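Architecture at a glance
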Amino acid sequence: MQDIVSTCERLIIIDKVKKIYDGSVKDVKELCDDVKTLRIELEPSAKFCNDSLLNIRECDENIIEILFEKPKIQLERVKKYLQNEYITESISILEDEDGVIDVILKKSCAIIDTVMYESEKITDKHYRVKLKDVNTQLGATLNRFVTEYDVKDVLIKEPEISDIVYNIYEGKVAL
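A short tour of the structure in this document, coming up. As the structure is a prediction and not an experimental result, all values here were calculated from the model. The numbers attached to residues start from 1 for each chain and follow its sequence in the written order. At least 70 in pLDDT is required for a residue's local features to be given in this predicted model, at least 80 for side-chain atom pairs to be given and counted, and no such filter applies to totals for whole chains, interfaces and linings, which use all residues. Note: side-chain values were computed over all heavy atoms of the structure, leaving out hydrogens and water.

Where helices and strands are cited, they refer to DSSP runs of H or I of at least four residues and of E of at least two residues respectively, numbered from the N terminus. Along the chain, the regular secondary structure elements total five helices and ten strands. Principal-axis analysis of the C-alpha atoms places the extent of the chain at approximately 55 × 45 × 25 Å. Under the scheme applied here, a residue whose accessible area is under 20% of the maximum for its type counts as buried, over 50% as exposed, and between as partly exposed, the area being computed with a 1.4 Å probe on protein chains only. Taken across its 175 residues, the chain has 38% of its residues classed as buried. Any two residues whose heavy atoms approach within 4.5 Å at even a single point are treated as in contact. Summarising the internal contacts of the chain: among those between residues at least 6 apart in sequence, 53% fall at separations of at least 24. Here, Shrake-Rupley sampling with a 1.4 Å probe gives the accessible areas, and only protein chains in the shown set may cover a residue. For the chain, the accessible surface area stands at approximately 10,900 Å², while carbon and sulfur atoms represent 47% of it. Computed over 26 positive and 36 negative side-chain charges, the inter-centroid distance for the chain is 4 Å. Positive charges come from Lys and Arg, negative ones from Asp and Glu, while His and the chain ends are left out of the count. Charge positions are represented by NZ for Lys, CZ for Arg, CG for Asp and CD for Glu.

Have a look at this one:
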């Protein structure tokens, strides 16, 4: 696939006689410029505790990968997380504001900021939760892991063109 990418400028994806994508390879790569994977190798002695907010995949005994997805997918994950962690009266993703969730709690308490989002208190029970950009999320997550665990090695990966094409084909990337 990398040979194709290095020699071709245009990409067409067809599924069952229907054209899904027709455009430049460069534009396809830009569709996923906010998708990254943080691969962390922990020392054998490190005991890892999973985090329901992050999309973590355990690859090996001491290696985990954390996928930083498109904001639309992350918003759904954060929404579920907030519903599980707080007693909410209502919770909705604001369509007119990019990366923002409106949360109204049943009783007054503080929504704590995480590596993925920061919260803004509107009233005692009303909050706006805003996603951090992917690089801020990545940096905060890396800092957290280095602080809490014995980290042996770290690698930040961007998706390969084959992964991007597959995600377009599966409908996971909005065109």
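Here the focus is the sheet that holds strand β3 (residues 36-42). Strands qualify as paired when DSSP identifies two bridges or more between them. Read from one edge to the other, the open sheet built from four strands follows the order β4-β5-β3-β10, with strand pairing classed as antiparallel. Edge positions in the sheet fall to β4 (55-58) and β10 (151-157), since each of these pairs with one other strand and no more. Put simply, the sheet's adjacent strands are angled 20° from each other on average, direction ignored. Alignment of β3 against strand β5 (residues 63-68), held across six bridges, turns out to be antiparallel. With axes taken as lines fitted to C-alpha atoms, and helix axes fitted only over the stretch in contact, angles between N-to-C directions fall between 0 and 180 degrees.

What follows is about the environment of R77. Within the element layout of this structure, R77 appears in helix α3 (residues 71-85). Sequence separation between R77 and K29 is 48 residues; the distance between their C-alpha atoms is 24 Å. Apart from the residues within four sequence positions on either side, R77 is in contact with S52, L53, L54, N55 and E69.

One open sheet accounts for four strands, arranged β6-β7-β9-β8; its pairing is antiparallel. Each of the sheet's edge strands pairs with one partner strand only, and the pair in question is β6 (88-93) and β8 (117-121). Looking at each pair of strands side by side, their axes are set apart by 20° on average, direction ignored. When β6 meets strand β7 (residues 100-105), the two strands line up antiparallel, connected through five bridges.

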